[in-house]
Every structure is written in structure tokens, then in C-alpha cells.
Amino acid sequence: MTQVQEQVVVNNKWVLDHLKDPNVRIVEVDYDPNTAYNIWHIPGAVLIRWREDLRHPVIRDFIGPNDFERLMESKGISNNTTVVLYGDYNNWFAVYAFWLFKAYGHDDVRVLNGGRTKWAKDNLPTEQGPKEPQYPKGSYKVKKVDWGSHRAFFWEVLQKITKGEVGKTTILVDVRSPKEYTGEIRAPPEYADEQTQVGGHIPGAISFPWAQAVNPDTGEFKPIEELKRLVESAGISQDKEIITYCRIGERAAHTWFVLKYLLGYPAVRVYDGSWAEWGNIVGAPVKKGSEP
């Protein structure tokens, strides 16, 4: 990997070598801690629950800067802490958290390649139970909020469609499963309570299922050259703005990370409203079938 890639992706050996480093905080980010962190986690790792800790308690959005500061301080994280994120679901929510960390301006945040899957496969040390380690309270201040280069909103995507920019200056990338893209299903079977009113995809969006980017046996990112070949063969080119989306944004953040940080694409954003928003808005244009 290049120097930039090495700054955002670490392997199991790196984590093992830094378990006792006071300047490093290992953070597990889970969709469901009851099936992950609470059973076992990396020694010394703290827990961030995606739904309870990162989501706004009232509206569909993320916690604001003040709440983010309090969350960081409660986990013993300061502005100069190296944060290493990992988690369940092939690091979906860990990379989603990475996206939020970067939007809130944290300098040194990284992803453990392979997450829980690779750690377990290598039979490395773990701690059992839901009790988190306690660290001295951190001192944290959000220095900037950069949604502009990280996040795309519904009205922006709709405007790009109506102006004919999709496929010309902007590429919409749907990273859901093929059946979600065609509209055959409206949500993965395990999320039956989170379906939308209609199925399909945003008109003009190309299908690039997120899972193409990882080794299914280890959860690790595929080699850079293979990622580059897969992305380019799908028609995702660096000379256009890229907007990724999925159902709620977590898989879209995973592909965003691959494009921006592993392959060096200059202009990539996540439409985190994704299909949960688009498929429920009255009058939003929808395309069904396998063609963009």
C-alpha cells in the first residue's frame, strides 16, 4: 500500500504492537453489540454503538459537534489520539464512523483491515463480556465540520438528475445487493422492519455491490490493483464526482473509503439519506430493473 493507504489502514500486527500505547485508542463500532462486542472484543477496546451513540436521539441525523466531543472524551479520546476503528458486518459501521470522524476533522483515524472477522480467524487474544475498560477522560474539541466534501443531500442528487449531470459530470454508485438495485427486494431480509415504500434505484445510478471490495473469508480489502480493476470495469472514473449510496449509508461509506482512501479518487461523497430516504419520498424518480 502507499503511504496514504498505510495511514488509514492497519493490520492485526500493528494493533497487537499498540495495545498498550496510551496515544492509541482501539474502538469497536457495532450495529448490534449483543452479538459482537458484548461476546468478545479486542483487549482494551472501547465500544461505540452506531445507533445509540452516533445517531441523533430525535431526528434522522448524526449527533452534533458538542455531543461528538462528549462521546470522544468519555472514551478517553483527545484530538491528538490515534483512533483505530473496527467492528461487525465487515467493518460497515466502523468505516461509517471513520466517515463521521473525518467530517468532524479528526486527524488520525484508521481502520483495522478485516475487523472482527480477521481477528477471530487469526485466533488472537480477546476480552469477554460487555464491560468496557475505563480510561482517563479525554480533552476534545471539534475543530471543523466538513459536510461539504463528505456528504450529499437528497436535493443535490435530485438536482443533478434534473439537470442531466448524472453520467456526465457525476456518477451515482448504488452499492446495495443486485436484488435491491433491481427492486426485487426493498431491504436485505435481516432488516425486514426497515423497508421502504418502493423498491428500485435512483435513475442513472450504476450498480457496484460493496462486497466486491472485500475478501469474503477474511473481511479484508482486496489488493489495490484488483480494486482498481473492479472499479474501472464498472465505469467509475476519477475524472467525475462520485456519490455513493445504499440503504442507510453504512455500505456506501465502505465504498466511499475504498474509492477515496485506497484508490485516491479526488471527489467522493456519501448520500447517507440513501434508499431509506429516496424510496419513501413522494414523487422521487425511481428506476426498476438491471439498467441504470
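Each chain has its residues counted from 1, running along the sequence as written. Owing to the predicted nature of the model, reporting of local features is limited to residues with pLDDT of at least 70; listing and counting of side-chain atom pairs is limited to 80 or more, with chain, interface and lining totals taken over all residues. Water and hydrogen atoms were dropped before computing side-chain values, which therefore reflect all heavy atoms in the structure.

### Here we look at the overall build of the chain
Our working rule: Each helix is a run of DSSP H or I of at least 4 residues and each strand a run of E of at least 2, with the numbering of both proceeding from the N terminus. Each radius of gyration reported is based on C-alpha atoms, and the globular scaling rule is 2.2 Å times the count of residues to the power 0.38. The contact criterion used throughout is that any non-hydrogen atoms of two residues lie within 4.5 Å. In this description, accessible areas are obtained by the Shrake-Rupley approach with a 1.4 Å probe, and a residue is regarded as covered only by the protein chains that are shown. Counted as positive: Lys and Arg. Counted as negative: Asp and Glu. His and the chain ends are not counted at all. To locate a charge, take atom NZ for lysine, CZ for arginine, CG for aspartate or CD for glutamate.
If you tally the helices and strands in the chain, you get eleven helices and eleven strands. For a compact globule of 292 residues, the expected C-alpha radius of gyration is about 19 Å, and the chain comes in at 19 Å, within 12% of that figure. Considered along the principal axes of its C-alpha atoms, the chain spans approximately 55 × 40 × 35 Å. The contacts in the chain between residues at least 6 apart in sequence include a share of 78% that link residues at least 24 apart. Surface exposure of the chain reaches about 12800 Å², of which carbon and sulfur atoms provide 51%. Of note, the chain has its 36 positive side-chain charges centred 2 Å away from the centre of its 38 negative side-chain charges.

### A few points about helix α10 (residues 250-262)
Put simply, the rule is: Each residue after the first adds 1.5 Å to the expected span of a helix. Each residue gets one of three labels from its accessible area relative to the maximum for its type: buried under 20%, exposed over 50%, partly exposed in between, using a 1.4 Å probe on protein chains only.
The first and last C-alpha atoms of α10 sit 17 Å apart over 13 residues, in line with the 18 Å expected at 1.5 Å per residue. In terms of burial, α10 is a largely internal element, twelve of the 13 residues being buried. Backbone geometry just after α10 places Gly264 at a positive phi near 75°.

### Quick word on the pairing of strand β8 (residues 170-174)
For β8, the buried fraction is high: five of the five residues fall into the buried class. Burial of β8 is two-sided: the residues Thr170, Leu172 and Asp174 facing one way and the residues Ile171 and Val173 facing the other way are all buried.

### Here's the deal with the sheet that holds β8
For the record, the criterion: Pairing between two strands requires that DSSP report at least two bridges joining them. Geometry is summarised by axes, namely lines fitted to C-alpha atoms with helices restricted to the contacting stretch, and by angles between N-to-C directions that run from 0 to 180 degrees.
As summarised here, the arrangement of the four strands in space is β9-β8-β10-β11, forming an open sheet in which the pairing is parallel. Each edge of the open sheet carries a strand with a single partner, namely β9 (206-207) and β11 (268-270). Two strands pair when backbone bridges link them, and strand β10 (residues 241-245) and β11 are joined in this way by three bridges, in the parallel orientation. Residue pairing for β11: Thr244 is matched across the bridge by Val270. Where helix α7 (residues 154-162) meets the sheet, its contacts fall on β8, β10 and β11, and the angle it forms with β10 comes to roughly 125°.

### With respect to the UniProt feature "domain: Rhodanese" (unreviewed entry) in the chain
The line we're drawing: UniProt positions are given in the numbering used here, feature names are shortened, and annotations may be inferred rather than shown by experiment.
In the numbering used here, UniProt assigns the feature "domain: Rhodanese" (unreviewed entry) to residues 20-128 and 166-287. Note that residues 20-128 is 31% helix and 23% strand, and that its end C-alpha atoms are spaced 18 Å apart.

### Considering the pattern of salt bridges
What counts is decided by this rule: We count a salt bridge whenever a side-chain nitrogen from Lys or Arg sits within 4 Å of a carboxyl oxygen from Asp or Glu.
Counted according to the given criterion, the structure contains 21 salt bridges. For the salt bridge of Asp108 with Arg110, the shortest nitrogen-to-oxygen distance reads 2.8 Å. You can call Asp108 partly exposed: its relative accessible area is 21%. Overlapping salt bridges, with partners in common, bring together Glu156, Lys160, Glu165, Glu241 and Arg269 in one network.

### Some remarks on the packing of aromatic side chains
To keep it simple, the criterion reads: Any Phe, Tyr or Trp ring, taking Trp's six-membered ring, that has another such ring centre within 6.5 Å forms a pair; planes under 30 degrees apart are called stacked, those over 60 apart edge-to-face, and the others tilted.
According to the stated counting rule, one finds 27 aromatic pairs in the structure shown. Note on Tyr31 and Tyr89: the rings are 5.8 Å apart at their centroids and 70° apart in plane angle, and the pair reads as edge-to-face. Of the two residues, Tyr31 is situated in the loop between β2 (24-30) and β3 (40-41) and Tyr89 in the loop between β5 (82-87) and α5 (92-103); the sequence distance between them amounts to 58 residues. According to the relative accessible area criterion, Tyr31 is buried, its value standing at 16%. Assessed through its relative accessible area of 33%, Tyr89 is described here as partly exposed.

### Observations concerning the sheet that holds β2
The five strands lie next to each other as β1-β6-β5-β2-β4, forming an open sheet whose pairing is parallel. At either end of the open sheet lies a strand with only one pairing partner, and these are β1 (9-10) and β4 (46-49). Sheet topology note: the β5/strand β6 (residues 109-112) ladder contains three bridges and is parallel. Considered in β6, the bridge of Val84 is made with Arg110. Where α5 meets the sheet, its contacts fall on β2, β5 and β6, and the angle it forms with β5 comes to roughly 150°.

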